[in-house]
Amino acid sequence: MRPAAKLRAMATTAAVVGATGYTGAELVRLLHGHPHIELGPLVGSSTAGRTIADVLPSLAGVVAGSIEGFDAASIARRADVAFCALPHGASAPTVAALREAGVVVFDLSADFRLRELEVYTQWYGAHGAPELLSSAVYGLVELHREALRRAELVAVPGCYPTASILALAPLLSAGLVEPEGLVVDAKSGVSGAGRKPGAATHFAEVAEGLRAYKAGGLHRHTPEIEQALGAVAGRSVTLTFTPHLVPMSRGILVTAYAAARPGVTAERCTDAARRLYEGSPSVVVRDAGTHPDTLWVRGSNRAQLAYHLDGRTGRVIAMSVIDNLVKGAAGQAVQGANVRFGFPEGAGLQALAAWP
């Protein structure tokens, strides 16, 4: 199942496990156009044996063959890296089997993002491969680029954490804001809930409404954001995180609030972010006072950030927009794989946003 146009000597070959969900399909889309990575086996569970064109109609006439069942040994023979786009909890045993077979793995579930087993158990339940937690590298490329170069197991960050961390990390690393009292207000398109239909994501339920969910510190991404920002701040960080579901298919807007330290301006925050993300092909820091729009990044692997200062209350307002399926998932995984295998970091990720 390798398109003729992609056959190249010495290519790195990638398998996609869980290829038929939204994130898996996005991985296939990006990898198919990658100049250095060859698309290998596409693996599913309930769809194994069906043609790719039947399960993923957007690939009809582009990618031939059928969805395969999972076989770690077969993947190890035919691929150098596997991207696992499976649900939380279901991913860990699959990742363990692939690592046992010697495959480099980029896992897009939450199963390996949290360092402490106790914290994972509190938020997700029993872990399927706790012995691998300590070996996983958190895959936010802009903050962990060097560690990714040697990684064998990469925990690809969640979409909400990506947008939140990118916005706040420059402020904490530069000491521009207080680490206490952080607030993250996040809004996401419904594709973040996955492909499986449900009442909460039914068209009639979301098309003309806007609602928060899992408020009061109940969302599972909360400890992931706190862990990453705590590492940047050099101390424990506790924040208020409230997600919202908005009537669009793609995109995340984060508006975060932090208490400014004396003398801080929006321009200083902007400069700090530009220093931290200098050289990144994916993060764009706009001028102070800009209001980023999710439409500006739709379909791309880019994040756009902007900073404001509310002088009346003394709070910095940090804004971040990403496409939840690209920079928030599949694109971020490919970006990390580029670093891991020595390719240009932006390879295969140069598509512009689909605007308007």
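Before any of the text, the structure's been laid out above.
Presented here is a report on the structure given in the accompanying data block. Remember, predicted model here, so these are calculated numbers, not experimental data.

Rules of the game
- Residues numbered from 1 in each chain as written.
- Predicted model: local features only at pLDDT ≥ 70, side-chain atom pairs only at ≥ 80, totals over all residues.
- Heavy atoms only, no water.
- Helix = DSSP H or I, 4+ residues; strand = E, 2+ residues; numbered from the N terminus.
- Rg over C-alpha atoms; globule rule 2.2 N^0.38 Å.
- Buried < 20%, exposed > 50% of the residue type's maximum accessible area, 1.4 Å probe, protein only.
- Contact = heavy atoms within 4.5 Å.
- Areas by Shrake-Rupley, 256 points an atom, 1.4 Å probe, with all protein chains shown as cover.
- Lys, Arg positive; Asp, Glu negative; His and termini not counted.
- Charge placed at Lys NZ, Arg CZ, Asp CG, Glu CD.
- Phe/Tyr/Trp six-rings, centres within 6.5 Å; stacked < 30°, edge-to-face > 60°.
- Lys NZ or Arg CZ within 6 Å of the ring centre and 35° of its normal.
- Axes fitted to C-alpha atoms, helices over the stretch in contact; angles between N-to-C directions.
- Parallel < 35°, antiparallel > 145°, perpendicular 65-115°, else oblique.
- Left-handed = near helix turned anticlockwise from the far one by under 90°.
- Nonpolar A, V, L, I, M, F, W, Y, C, P; charged D, E, K, R; others polar.
- Salt bridge = Lys/Arg side-chain N within 4 Å of Asp/Glu carboxyl O.
- Core = buried A, V, L, I, M, F, W, Y, C linked by side-chain atoms within 4.5 Å.
- Pairing = 2+ DSSP bridges.
- Right-handed = clockwise from strand over helix to strand, strands pointing away.

1. So, the overall build of the protein chain
Helices and strands together make up the secondary structure of the protein chain, namely eleven helices and 13 strands. Against the globule reference of 21 Å for 356 residues, the protein chain gives a C-alpha radius of gyration of 20 Å, in line with a compact fold. Counting all 356 residues of the protein chain, 53% fall into the buried class. Sequence-distant contacts, at least 24 apart, represent 71% of the contacts inside the protein chain between residues at least 6 apart. Surface accessibility of the protein chain: about 14,800 Å² in total, with carbon and sulfur atoms responsible for 53%. Put simply, the protein chain has 32 plus and 30 minus side-chain charges, and the middle of one group is 3 Å from the middle of the other.

2. Structural notes on the packing of aromatic side chains
What the rule picks out here adds up to four aromatic pairs. A centroid spacing of 5.5 Å and a plane angle of 35° characterise the contact between phenylalanine 83 and phenylalanine 106, whose relative ring orientation is tilted. Highlighted residues: phenylalanine 83 in strand E3 (residues 81-84) and phenylalanine 106 in strand E4 (residues 104-107), separated in sequence by 23 residues. An angle of 20° between the planes, with centres 6.4 Å apart, marks the rings of phenylalanine 341 and phenylalanine 343 as stacked. Under the relative-accessibility criterion, phenylalanine 341 is labelled partly exposed at 22%. Residue class for phenylalanine 343 comes out buried when judged on its relative accessible area of 18%. Arginine 340 extends its terminal NZ or CZ atom over the ring of phenylalanine 341, reaching a point 5.0 Å from the ring centre.

3. Some words on the side chain of threonine 94
Among the secondary structure elements, threonine 94 is positioned in helix H4 (residues 91-100). Of the residues examined, threonine 94 reaches a relative accessible area of 12% and is grouped as buried. In this structure threonine 94 touches Val17, Phe70, Cys84 and Leu86, once residues within four positions along its chain are discounted.

4. As for the packing of helix H1 (residues 22-32) against helix H11 (residues 326-340)
With their axes 9 Å apart at the nearest point, H1 and H11 run at an angle of 45° to one another. By the angle class used here, H1 and H11 are oblique. Judged by the sense of rotation from one axis to the other, the crossing of H1 with H11 is right-handed. Contacts from Thr23, Glu26, Leu27, Arg29, Leu30 and Leu31 in H1 reach Val326, Ala329, Ala330, Gly331, Ala333 and Val334 in H11. A per-class count over the contact of H1 with H11 returns eight nonpolar, two polar and two charged.

5. Digging into the pattern of salt bridges
Summed over the entire model, instances satisfying the criterion amount to 14 salt bridges. Notably, a salt bridge pairs arginine 340 with glutamate 152, separated by 2.7 Å at the nearest N-O pair. With arginine 340 in helix H11 and glutamate 152 in the loop between helix H6 (141-148) and strand E6 (153-155), this pair connects stretches of sequence that are 188 residues apart. Given a relative accessible area of 31%, glutamate 152 falls into the partly exposed group. Connected through shared salt-bridge partners, Glu26, Arg29, Arg250 and Asp323 make up one network.

6. What to know about H1
Within H1 the residues assigned to the buried category are Gly24, Glu26, Leu27, Val28, Leu30 and Leu31. Of the surrounding elements, those touching the buried residues of H1 are strand E1 (12-17), strand E2 (37-43), E3 and H11.

7. Some words on the nonpolar core
Grouped together as the largest cluster of nonpolar side chains are 40 residues, with contacts concentrated most on Ile165, Leu171, Val184, Leu229, Tyr277 and Tyr307. The element contributing the most residues to this core is helix H7 (residues 159-173), with ten residues. When residues no more than four places from it in sequence are discounted, the contact partners of leucine 229 are Ile165, Leu168, Ala169, Leu172, Leu182, Val237 and Leu239.

8. Digging into the pairing of E1
Judged by how many residues are buried, E1 sits mostly within the fold: six of six residues are covered. Of the two faces of E1, the one lined by Thr12, Ala14 and Val16 and the one lined by Thr13, Ala15 and Val17 are each fully buried. Bridge analysis of E1 against E2 gives five bridges, and the strand direction is parallel. Along E2, the bridge assignment pairs threonine 12 with isoleucine 37. Read from E1 through H1 to E2, the crossover connection turns out right-handed. Relative to E3, E1 runs parallel, the two being bridged by four bridges. What sits directly across from valine 17, in E3, is cysteine 84.

9. Looking at the packing of H7 against helix H10 (residues 266-276)
Interhelical geometry of H7 versus H10 gives an angle of 105° and a closest axis separation of 9 Å. The pairing of H7 with H10 is recorded here as roughly perpendicular in orientation. Between H7 and H10, the residues in contact are Ala169, Pro170, Leu171 and Ser173 and Cys269, Ala272, Ala273 and Leu276, respectively. Class assignment for the residues of the contact of H7 with H10 results in seven nonpolar, one polar and no charged.

10. Comments concerning the environment of glycine 263
Its location among the elements puts glycine 263 in the loop between strand E10 (252-259) and H10. Taking the C-alpha atoms as reference, glycine 263 lies 8.8 Å from leucine 176; in sequence the two are 87 residues apart.

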